[in-house]
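If you want the building blocks of each chain, they are given just below.
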Amino acid sequence: MNESARGAPGPRSPRNHLTSPRTKAMLRVQQHVLTSVRATLTARGFLELAVPLVGPVTDPGVRGAKQADVDYYGATYKIMTSAILYKQAALLASDKIFSIAPNLRLEPPETAATGRHLVEFHQIDVEIADADRAEAMELAQSLVREAVTVVMREASAELELLGRDTGAFAELLAQPFGHMSHAEAVAGLQKLGVAQNATAEIAWEGERVLSGKATRPFFITGYPKGSRGFYDRESRSEPGVLRNFDLIASEGYGELASGAEREYEAGRIITRMRETGENPAKYGWYLDLVRESIRPSAGFGIGLERLVRYITGAAEVWQVCAFPKLPGQVA
């Protein structure tokens, strides 16, 4: 990705943005990605679910972003930052579910300069009952590969207009995605002179550096317990290490997806809530379900706009949106 290609974040004119041949090409690519994802998951027996837009609680583990509130008949409800809790609950209705829905996160204004953050975005959410991390990672890889394959076949004219070098996908299509542990990622960054806390998330700068050195997407697994939400399952054989993963794109595009095996036992979930500073009393409906038993599961969420940005080679994630909302900008 050419970092110098970035301009001022956000479209200056809605009309010019919507009528731009580049925007039209981006949106056609997005349509092919959505069609591919739905076809792949439906063929594997997944049920598409319409998840809630608001609820009494939402995902608390949103990496520096704030939640937005709405007055719901006198009660304070949250606009969804992620459907994670509802995905777990939905496995009572079907063994394999997915949704494609809008999420809203009030990101810090400075994240607008990263080229990959939006306030309002769409997430491809997937959850599989009785699955483990390896199964979730295999499916995430398959979804990305198939989307790239479909776009290259069905939207070659759009990719040509956008100037996307499809040779960049050669390794993605020919080889399994790469893999490193969180500890290996930290060690690699420190060796390169990039500061990284061994007990924290991979910082955005570190993620960009690792992504920029990669020639195909890769997974980072086993984040430390304190770095993620209470729903990511802690390893029983490696206490303090989570059974989770991020999928990182190549060429400097950064994170495409996050996923994990899920905690499903009430005692462990409540303990993890308290460890992460969450009040279990806020999660009454969810904990009621957990106490009555929910399914062990694994799943992930793929950022639709980030995936389309990667496939099209867009300099900024807002360029792939018809109506982008960027951090810190009211428009």
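Up top you'll find the structure we're talking about.
These remarks concern the structure in this document. (Residues numbered from 1 in each chain as written. Predicted model: local features only at pLDDT ≥ 70, side-chain atom pairs only at ≥ 80, totals over all residues. Heavy atoms only, no water.)

Of regular secondary structure, the protein possesses 11 helices and 11 strands. Dimensions of the protein, computed from the C-alpha atoms along their principal axes, are close to 55 × 50 × 40 Å. Put simply, the protein has 331 residues, and 53% of those count as buried. A fraction of 73% describes how many contacts in the protein between residues 6 or more apart in sequence connect residues 24 or more apart. In the form shown here, the protein has an accessible surface area of approximately 14500 Å², with 52% of it arising from carbon and sulfur atoms. Distance between charge centroids for the protein: 3 Å, based on 38 positive and 40 negative side chains. (Helix = DSSP H or I, 4+ residues; strand = E, 2+ residues; numbered from the N terminus. Buried < 20%, exposed > 50% of the residue type's maximum accessible area, 1.4 Å probe, protein only. Contact = heavy atoms within 4.5 Å. Areas by Shrake-Rupley, 256 points an atom, 1.4 Å probe, with all protein chains shown as cover. Lys, Arg positive; Asp, Glu negative; His and termini not counted. Charge placed at Lys NZ, Arg CZ, Asp CG, Glu CD.)

Inspection of helix α7 (residues 182-191) places H182, A185, V186 and L189 among the buried residues, and these make up the whole buried set. What you see down the axis of α7 is that its buried residues fit within an arc of 100 degrees, all on one side. The outward face of α7, more than 90 degrees from its buried face, is lined by the exposed residues A183 and K191. Where the residues of α7 are buried, they touch β7 (178-181), α8 (204-213) and β8 (218-221). A positive phi of about 85 degrees marks G193, the residue just after α7. (Arc of directions from axis to C-beta.)

What follows covers the environment of C321. Looking at the secondary structure, you find C321 in the segment after α11 (304-312). Separated by 12 residues in the primary sequence, C321 and R309 have C-alpha atoms spaced 9.5 Å apart. Once residues within four sequence positions are removed from consideration, C321 is found in contact with H17, L118 and E305.

Residues in a regular strand point their side chains to alternate faces of the sheet. Direction of pairing for strand β2 (residues 54-55) relative to strand β4 (residues 75-79): antiparallel, over a ladder of two bridges. Bridged to V54 within β4 is I79. Inspection of the sheet shows strand β3 (residues 69-72) paired to β4 by four bridges, in the antiparallel sense. Its bridge partner being in β4, D69 is matched across the sheet by K78. Where β3 hands over to β4, the hairpin turn is made up of two residues, of which Y73 adopts a positive phi near 55 degrees. (Pairing = 2+ DSSP bridges.)

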